[in-house]
Amino acid sequence: NAGVTQTPKFRILKIGQSMTLQCTQDMNHNYMYWYRQDPGMGLKLIYYSVGAGITDKGEVPNGYNVSRSTTEDFPLRLELAAPSQTSVYFCASSYLGGGGYTFGSGTRLTVV
Amino acid sequence: GENVEQHPSTLSVQEGDSAVIKCTYSDSASNYFPWYKQELGKRPQLIIDIRSNVGEKKDQRIAVTLNKTAKHFSLHITETQPEDSAVYFCAASIQNDYKLSFGAGTTVTVRA
C-alpha cells in the first residue's frame, strides 16, 4: 500500500496563477481532508470530504476549491494564487470520520 | 467548532528526563484525542490516541491522560531520547463530527 500520495512535493507559483494539488489514497478510506500548515500555527482545515461526491468547507476555504469524483482522489485547486497561500499543504485520509489520520508527505507551495 | 490550545510551544529537556505537553479543548462533546509527531520536513504521524471512555493509555515510553471534567489531556514522554526531538501536535474531534481540530504544536528538543 502506498497510503496517501501527494504531488507535487514543491512548487513555486506567481501571483495570479492557478494550480491543482493532487492527493490519492489506496486504503479505501471514505474520509479525506486538506490542511495547510503555517509556521507556529498548527494545521488548519481547508476542505474535507466524507465520501465520493460530498465535500464541505473547513476553517480556511477561501481561495480554494475541491472535488471528489472517486473514493481515491481528492484534488485541491488554487485559483488566482496569492502570497497568503504560501504554506505547506497536507492531504490526509481516515477510515473513521474524525479518527486517526494518515497524512501524505505534503506539498510546499511558495507564491511570489 | 472545536478549539484546541496547546502548551508549551517549545520544550527543551535533558536526555533521560520526562517531557509533558498539555492541551485543553472547548467542546465537551469531543470524544477522540490523538497525538501526532512531526519530524523536521516530514509528515505528521499518529503516535498515540485516547477516547473519552478511557482516562489513561500507555505505549512503551509514551502515555496520554484525559481529564474530561477539566477538558484537558496531556502527553507524557519518559526517558527521553534524541530521536524524540520533533514537533508534537494534539488534536480533538467532536462526536459525530468528521474532522480533527489541531493544537498549534510543541517543539520538543532533547539535549544530549
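Everything here concerns the structure above.
Residues numbered from 1 in each chain as written. Chains lettered and ligands numbered in written order. Predicted model: local features only at pLDDT ≥ 70, side-chain atom pairs only at ≥ 80, totals over all residues. Heavy atoms only, no water.

Participant: Quick one: what's the story with the overall build of chain B, residue by residue and with numbers?
Facilitator: The secondary structure content of chain B amounts to zero helices and eleven strands. Along its sequence from the N terminus, chain B presents helices and strands in the succession β-β-β-β-β-β-β-β-β-β-β. For 112 residues, the compact-globule estimate of 2.2 N^0.38 gives 13 Å, and the C-alpha radius of gyration of chain B, at 13 Å, lies within 12% of that figure. Its C-alpha atoms give chain B principal-axis dimensions of about 45 × 30 × 20 Å. The buried share of chain B, taken over its 112 residues, is 44%. Contacts in chain B between residues far apart in sequence, at least 24 positions, make up 54% of those at least 6 positions apart. By element, 45% of the accessible surface of chain B is carried by carbon and sulfur atoms, the whole surface being about 5,700 Å². Distance between charge centres in chain B, computed from 12 positive and 13 negative side chains, equals 3 Å. (Helix = DSSP H or I, 4+ residues; strand = E, 2+ residues; numbered from the N terminus. Rg over C-alpha atoms; globule rule 2.2 N^0.38 Å. Buried < 20%, exposed > 50% of the residue type's maximum accessible area, 1.4 Å probe, protein only. Contact = heavy atoms within 4.5 Å. Areas by Shrake-Rupley, 256 points an atom, 1.4 Å probe, with all protein chains shown as cover. Lys, Arg positive; Asp, Glu negative; His and termini not counted. Charge placed at Lys NZ, Arg CZ, Asp CG, Glu CD.)

Participant: An account of the overall build of chain A is requested, with residue identities and associated values reported.
Facilitator: When you go through chain A residue by residue, the secondary structure sums to zero helices and eleven strands. Of the regular secondary structure in chain A, the N- to C-terminal order runs β-β-β-β-β-β-β-β-β-β-β. Here the C-alpha atoms of chain A give a radius of gyration of 13 Å, agreeing with the 13 Å that 2.2 N^0.38 yields for 112 residues. Over its C-alpha atoms, taken along the principal directions, chain A stretches across nearly 35 × 25 × 25 Å. Long-range pairs, those at least 24 residues apart, make up 55% of the contacts in chain A between residues at least 6 apart in sequence. Put simply, chain A shows about 5,100 Å² of open surface, and 52% of that area lies on carbon and sulfur atoms. A distance of 9 Å separates the average location of the 9 positive side-chain charges in chain A from that of its 7 negative side-chain charges.

Participant: So, the state of the cysteines: which residues are in play, and what are the values?
Facilitator: Here the structure, examined in full by the defined rule, presents two disulfides over all chains. Linked covalently through their sulfurs, Cys23(A) and Cys91(A) form a disulfide whose S-S length is 1.8 Å. When the S-S torsion is -70 degrees, as for the bridge of Cys23(A) with Cys91(A), the disulfide is left-handed. Remark: Cys91(A) occurs in strand β9 (residues 87-94) and Cys23(A) occurs in strand β3 (residues 19-25); sequence separation between them is 68 residues. Judged on exposure class, the residue Cys23(A) and its partner Cys91(A) are both buried. The disulfide that involves Cys23(B) links it to Cys90(B), with 1.9 Å between the sulfurs. Its torsion about the S-S bond being -100 degrees, the disulfide of Cys23(B) and Cys90(B) is classed as left-handed. Within this pair, whereas Cys23(B) is found in strand β3 (residues 19-25), its partner Cys90(B) is found in strand β9 (residues 86-94), the two being separated by 67 residues in sequence. Assessed through its relative accessible area of 0%, Cys23(B) is described here as buried. Here Cys90(B) falls in the buried class, since its relative accessible area comes to 0%. (Disulfide = S-S within 2.5 Å.)

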